[in-house]
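The lines below spell out each chain.
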Amino acid sequence: MGVYHAGSRAVQDRAGVRDRADHVGRSLGQDIKPVAAAFLAQQPLLIVGGPDPGTGRVWAHALTGTPGFVRATGPRRVSVTAAHPFGRGTAVGTIALDPRTRRRMRLNGRLTPTATGFTVDADQVFSNCPKYIQRRESYETVDRTPGTPRHLTGLGTAEADFIAAADTFFLATVHGAGADASHRGGNPGFVRVTSPHELTWPDYSGNAMFLSLGNLHADPRAGLLFLDWETGSTLQLTGEARTGFAEDGTRTVRFTLTEARWTPDALPLRWSAPEYSPANPEPAR
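Residues numbered from 1 in each chain as written. Predicted model: local features only at pLDDT ≥ 70, side-chain atom pairs only at ≥ 80, totals over all residues. Heavy atoms only, no water.

Participant: Describe the nonpolar core, and please don't skip the residues or the numbers.
Facilitator: Ranked by size, the top nonpolar core spans 30 residues in total, and within it L199, W201, L224, F226, L237 and F255 carry the most contacts. Within the residue set of this core, elements represented by two or more residues are helix 4 (157-164), strand 10 (168-175), strand 13 (198-202), helix 5 (211-218), strand 14 (221-227), strand 15 (234-245) and strand 16 (251-263). If you tally residues by element for this core, the top one is strand 16, at five residues. Apart from residues no more than four positions distant in its own chain, L199 is found in contact with L155, I163, V191, R192, V193, T194, L224, L237, V253, R254 and F255. (Core = buried A, V, L, I, M, F, W, Y, C linked by side-chain atoms within 4.5 Å. Buried < 20%, exposed > 50% of the residue type's maximum accessible area, 1.4 Å probe, protein only. Helix = DSSP H or I, 4+ residues; strand = E, 2+ residues; numbered from the N terminus. Contact = heavy atoms within 4.5 Å.)

Here it is, written out as structure tokens:
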């Protein structure tokens, strides 16, 4: 298979960026270069997305550990010392994002459980620009006991307020041959809850590859992860998402909720206050 599948090509053509996508697509490879391996070894947070082996619903999960819990153990393999919710051979997308440097790295491939966690053998490895990443200069590890997850079939006022205050979330998508996990960022308010079962966000201009939107074009299943960078609480959503195209070329993604999971104090990391990216547009009123 080439760099792009039919879903990504369809969105690239709709946006008129196929030539640019071909140029940017040359940055995708399978090898984990030394600079990428060094970056991974410094991270306390890894986002992993993919389909639940029992239900097929797509989820994005946050994994944490002492830096070094994610490490390259081969030219095309990462090993992670953390529990995972996926089955052997599941296609997963991963993203390591460092708010301190506004750098991010994505690695997509196949998961294999191990005695201490799991490995992912890479199909795609690439980095993105710092656009829309909020800088957080430091973090500390605190002693927290995760609360009992609360399962929801709709978003209440507390969840809507949590989403409205978010400046970042992570998006997991799938297609016939794989999965992807990506970052979405903006000023608070860029994600809007329009009903207890629906939310929307603008798709800001990016690298023109349209990996996430291309996946959604081929398969609308999606998982969203919102996290509180101070308290460590997480809100995970699973459902379906579709992209709307306006006449002026702007794009809006509409997500319909199937199930949600709220976990208080889920993560042991407390990050400093954000410095918003200068690339962030003002949210529409």
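Participant: Go over the layout of surface pockets, please, and point to the residues and values.
Facilitator: In this structure, the largest pocket occupies an estimated 500 Å³ of space. Contributing to the lining of the largest pocket are 27 residues, with R184, Y204, S205, G206 and N207 lying nearest its centre. Within the residue set of the lining of the largest pocket, elements represented by two or more residues are strand 6 (103-113), strand 7 (118-128), strand 11 (178-185) and helix 5. At four residues, the largest contribution of residues to the lining of the largest pocket is made by strand 11. Classifying every residue of the lining of the largest pocket by side-chain character gives eleven nonpolar, nine polar and seven charged. Put simply, the second largest pocket is a space of about 330 Å³. (1 Å grid on protein atoms, 1.4 Å probe; cavity = no way out; pocket = protein on both sides within 12 Å on 5 of 7 lines; lining within 4 Å. Points joined across faces, edges and corners; volume = space filled by probe spheres on them. Nonpolar A, V, L, I, M, F, W, Y, C, P; charged D, E, K, R; others polar.)

Participant: Describe empty space enclosed by the protein, listing the residues and the values that go with them.
Facilitator: Considering all chains together, one arrives at three cavities of 30 Å³ or more under this definition. When its volume is computed, the largest cavity comes out at roughly 80 Å³. Looking at the lining of the largest cavity residue by residue, the classes come out as five nonpolar, six polar and one charged. Considering the residues around the second largest cavity, the lining is formed by L40, L46, V70, V78, T94, I95, A96, M105, R106 and L107. Here the residues of the lining of the second largest cavity sort into eight nonpolar, one polar and one charged.

Structural measurements only, silent on function.
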